[in-house]
Amino acid sequence: MKNKFNYIATFWLVQLSLAIIKIIFTLRPEINLFTEEAQYWLWSKNLAWHYYSKPPLIAAVNYISTSILGDTEIAIRINAILFGLGTSWVVFKFTEFLFHSRKMAFWASLILSAMPFWMLFSTFHMTDSELTFFWILSWYMLARALVEKRTRWWILAGVAAAFGLMSKSIMVVIVPILAIYLLFTSNFSTNRKGFAFFLILFSTGFLPSLIWNWQNGFSTFRHLATLGGVSGESSGIDLGESLWGLLSYLGGQLAMISVFFLPFLWLSLKVIFHRSGVKLGFLFVPVLFTFFLFAGLSLFTSVEANWPAYAYPSLAIIFAYVLEREYKNWKRVKSTLIALSFAIPLILFLPDVASWKSKVYLDQAEKAAFRRLTGYKDLADRILFLTDSLQLDESYYFSESYHMASELAFYLPEVPQVYVAGMGSRKNQFDLWHSLEREIGLERTGIFVSWNESSPENVAQFGELIYEEKYPVFFKGKQLRTATIQVWRDLRYYQAIQTDHY
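Residues numbered from 1 in each chain as written. Predicted model: local features only at pLDDT ≥ 70, side-chain atom pairs only at ≥ 80, totals over all residues. Heavy atoms only, no water.

Student: Please set out the overall build of the protein residue by residue, giving values where relevant.
Tutor: For the protein, the count of helices and strands is 21 helices and five strands. Taking 23 Å as the expected radius of gyration for a compact globule of 502 residues, we find that the protein reaches 25 Å, a close match to that expectation. Judged by the C-alpha coordinates and their principal axes, the protein covers about 80 × 55 × 50 Å. Each of the 502 residues in the protein was classed as buried or not, and the buried ones make up 53%. Considering only contacts in the protein between residues 6 or more positions apart, those separated by 24 or more positions represent 77%. When the accessible surface of the protein is totalled, it reaches about 23100 Å², and 61% of it is carbon and sulfur. (Helix = DSSP H or I, 4+ residues; strand = E, 2+ residues; numbered from the N terminus. Rg over C-alpha atoms; globule rule 2.2 N^0.38 Å. Buried < 20%, exposed > 50% of the residue type's maximum accessible area, 1.4 Å probe, protein only. Contact = heavy atoms within 4.5 Å. Areas by Shrake-Rupley, 256 points an atom, 1.4 Å probe, with all protein chains shown as cover.)

Student: Break down the pairing of strand β1 (residues 396–399) for me, citing the residues and quoting the values.
Tutor: Neither face of β1 is left uncovered, since the one carrying Y396 and F398 and the one carrying Y397 and S399 both have all their residues buried. When β1 meets strand β3 (residues 445–450), the two strands line up parallel, connected through three bridges. Within β3, the position partnered with Y397 by the bridge is I447. In terms of strand pairing, β1 meets strand β2 (residues 418–420) through three bridges, oriented parallel. Its bridge partner being in β2, S399 is matched across the sheet by V420. Taken together, β1, helix α21 (residues 402–411) and β2 constitute a β-α-β crossover, and its handedness is right-handed. (Pairing = 2+ DSSP bridges. Right-handed = clockwise from strand over helix to strand, strands pointing away.)

Student: Tell me what's going on with unusual backbone geometry, and back it up with residues and numbers.
Tutor: The phi dihedral of S186 falls on the positive side, at around 60°, and the residue is not glycine. Along the polypeptide, S186 turns up in the loop between α9 (174–184) and α10 (192–203). Unusually for a residue other than glycine, Q391 sits at a positive phi of about 55°. As for its placement among the helices and strands, Q391 is situated in the loop between α20 (376–389) and β1.

Student: Pulling in residues and values, what's your account of the environment of M256?
Tutor: Counting through the fold element by element, M256 comes out in helix α13 (residues 239–257). C-alpha of M256 to C-alpha of W118: the two residues are 138 residues apart in sequence and 8.3 Å apart in space. The contacts of M256, once residues within four sequence positions are left out, are M115, P116, F117, A305, N306 and A309.

Student: How would you sum up the sheet that holds β2? Please name residues and give values.
Tutor: Strand order in the open sheet formed by five strands is β2-β1-β3-β5-β4, and the pairing between neighbours is mixed. Two strands lie at the open edges of the sheet, namely β2 and β4 (460–475), each paired on one side alone. When strand polarity is set aside, the average angle formed by the axes of neighbouring strands in this sheet is 25°. α21 rests against β1, β2 and β3 of the sheet, and its axis sits at about 175° to β2. (Axes fitted to C-alpha atoms, helices over the stretch in contact; angles between N-to-C directions.)

Student: Would you mind going over the packing of aromatic side chains in detail, with residue names and values included?
Tutor: According to the stated counting rule, one finds 48 aromatic pairs in the structure shown. Aromatic pair W89 and F92: ring centres 5.2 Å apart, planes at 15°, arrangement stacked. Taken together, the positions of W89 and F92, both in helix α4 (residues 73–99) and three residues apart, correspond to about one turn of that helix. Geometrically, the ring pair formed by F94 and F282 is edge-to-face, given 6.4 Å between the ring centres and 75° between the ring planes. (Phe/Tyr/Trp six-rings, centres within 6.5 Å; stacked < 30°, edge-to-face > 60°.)

Student: An account of the packing of helix α1 (residues 7–27) against α4 is needed here, citing residue identities and associated values.
Tutor: Where α1 meets α4, the axes come as close as 10 Å, and the angle between the chain directions of the two elements is 160°. Viewed along their axes, α1 and α4 adopt a mutual orientation that is roughly antiparallel. The two elements α1 and α4 meet at a crossing, and its hand is right-handed. Across the interface between the two elements, Y7, I8, F11, W12, Q15, L16, A19, K22, I23, F25 and T26 from α1 touch E73, I74, R77, I78, I81, L85, S88, W89 and F92 from α4. (Parallel < 35°, antiparallel > 145°, perpendicular 65-115°, else oblique. Left-handed = near helix turned anticlockwise from the far one by under 90°.)

Student: Help me get a handle on the confidence of the model for the protein, residues and values and all.
Tutor: Mean pLDDT over the protein stands at 92; residues scoring 70 or higher make up 95%. When mean pLDDT is compared element by element in the protein, α4 scores highest at 98, while helix α18 (residues 356–359) scores lowest at 62. (pLDDT = per-residue confidence, 0-100.)

Student: Describe the environment of Y140, and please don't skip the residues or the numbers.
Tutor: For Y140, the location among the structural elements is in helix α7 (residues 127–148). In this structure, the C-alpha to C-alpha distance between Y140 and V91, residues 49 residues apart in sequence, is 8.2 Å. Those residues in contact with Y140 that sit more than four places away from it in its chain are V90, K93, F94 and F97.

Student: Tell me about the pattern of salt bridges, residues and numbers included.
Tutor: Tallying each qualifying case throughout the model produces 13 salt bridges. The salt bridge involving R382 is made with E469; its shortest N-O contact spans 2.8 Å. In this pair, R382 sits in helix α20 while E469 sits in strand β4, placing the two residues 87 residues apart along the sequence. Residue class for R382 comes out partly exposed when judged on its relative accessible area of 22%. Of the residues examined, E469 reaches a relative accessible area of 13% and is grouped as buried. Here the salt bridges share partners, and the residues they tie into one network are K93, E96 and R102. (Salt bridge = Lys/Arg side-chain N within 4 Å of Asp/Glu carboxyl O.)

Student: Lay out helix α3 (residues 57–69) with the relevant residues and their values.
Tutor: Over its 13 residues, α3 runs 18 Å from end to end, which matches the ideal 18 Å to within 8%, given 1.5 Å per residue. Along its buried surface, α3 packs onto α2 (35–44), α4, α7 and α8 (151–165). The first or second residue beyond α3 is G70, which carries a positive phi of 85°. (Expected span 1.5 Å × (residues − 1).)

Student: Give me the lowdown on the environment of Y249, citing residues and values where you can.
Tutor: Along the chain, the position of Y249 falls in helix α13. Taking the C-alpha atoms as reference, Y249 lies 9.9 Å from G296; in sequence the two are 47 residues apart. Setting aside chain neighbours within four positions, we find Y249 in contact with T290, F291, F294, A295, S298, V303, P308 and Y312.

Student: Describe in detail a nonpolar patch on the surface, supporting the description with residues and values.
Tutor: Taken together, W49, V172, F206, L207, L210, I211, W214, F218 and F221 make up a surface patch of nonpolar side chains, about 880 Å² in accessible area. For W49, the location among the structural elements is in the loop between α2 and α3. (Patch = residues over 30% accessible without salt bridge, like charges linked within 9 Å, V, L, I, M, F, W, Y side chains within 5 Å.)

Dropping the structure here:
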């Protein structure tokens, strides 16, 4: 008897290999935390029902991992890696459930793993790491609920969706998408009870947000309204800017899915619009709804490329189906395009042993890609050197940017006191914590660090400037940017610039 290929074992071999590469990348000494990662870590040191811009799950997850592994980069990134593994496994099981083919399930997971958005979400611990996992898990359980007609799947889907809502607020769109699908397929009446269970359990995910926002002036709602372009100053719609915003959005989405997968997308759209069945429709409606939701938003405000990407895992299933069932002659092309999509991020992730990247002219690409991931550990080391040289005692640290303040909190020892000076930037979580005003009259030393500002003197007055320097940061011998470091003593006056920009 001919042995069957073991697709499950191959799945885990591929996924664990990718996980090891991402761990090696995290351990590269020149690679630091992304600024948002540092911010979410700092949240985990100040546990709350909710935070200024995001729900609490990412802070809770960081709290658990750092309690086990310590306050290290790998303790934070391991969460993204594990959620990435989970997302890939759900895609595998989802595909197998719908189409009864482990071969197709393996290819779906492989296509997903080659998509840049998955690489991003499964390497850097962002709120999208959890959101994407709970999003696809919810749809998988909803598919089982609709096919198997069992209430327990509706309940499990509701729980998964509630966790998704505690990951990122955009999870709320699952309700209208599901309702539209059920109405469009005339399945709403037969699934009314299950939908009610789902909705009730899903709604529990709102509780942390409602409790916190009730106590904090609904700051998150104002922040989301600003991001959505329905709050804040407006000078009307500029047609040119709107069209540019839409084009930028479209380019960003192609980059998230992978430019090499454009042929897969084209073939899939042909199949869906000409002979789509219920299964492909169920997979495609969430993608279509989310894509057009953010496309419309891009006409009015700036939309980050990663925002809609949480809904794209089901695209990998569609691509696998189309290539396995409809276009089998694309086998060689499929393998080539997947390999090309894998190649760029993996080359950047791998260490530059013996400077091989410079020999193939990849050093500049790596410098550009990792610009926002380097320099913070070096800055912290420099500050520690200055603290020792100047014999400073009980210093606090501040910046005009929550990005810098969060990085300093992580890379300086023992979670030091950090502040954000209100110099005109938009509101953030630091506005809800202790203000720099707390240091007035204490005659302590404050160390100001910034990429952009030359001094905090337009909002603060000190008794004495002890020391200042411009500190250049390098990446593999090439200068990236320069930070201002100033050492001040005796804060006498502080008045933040008032802003209503959320």
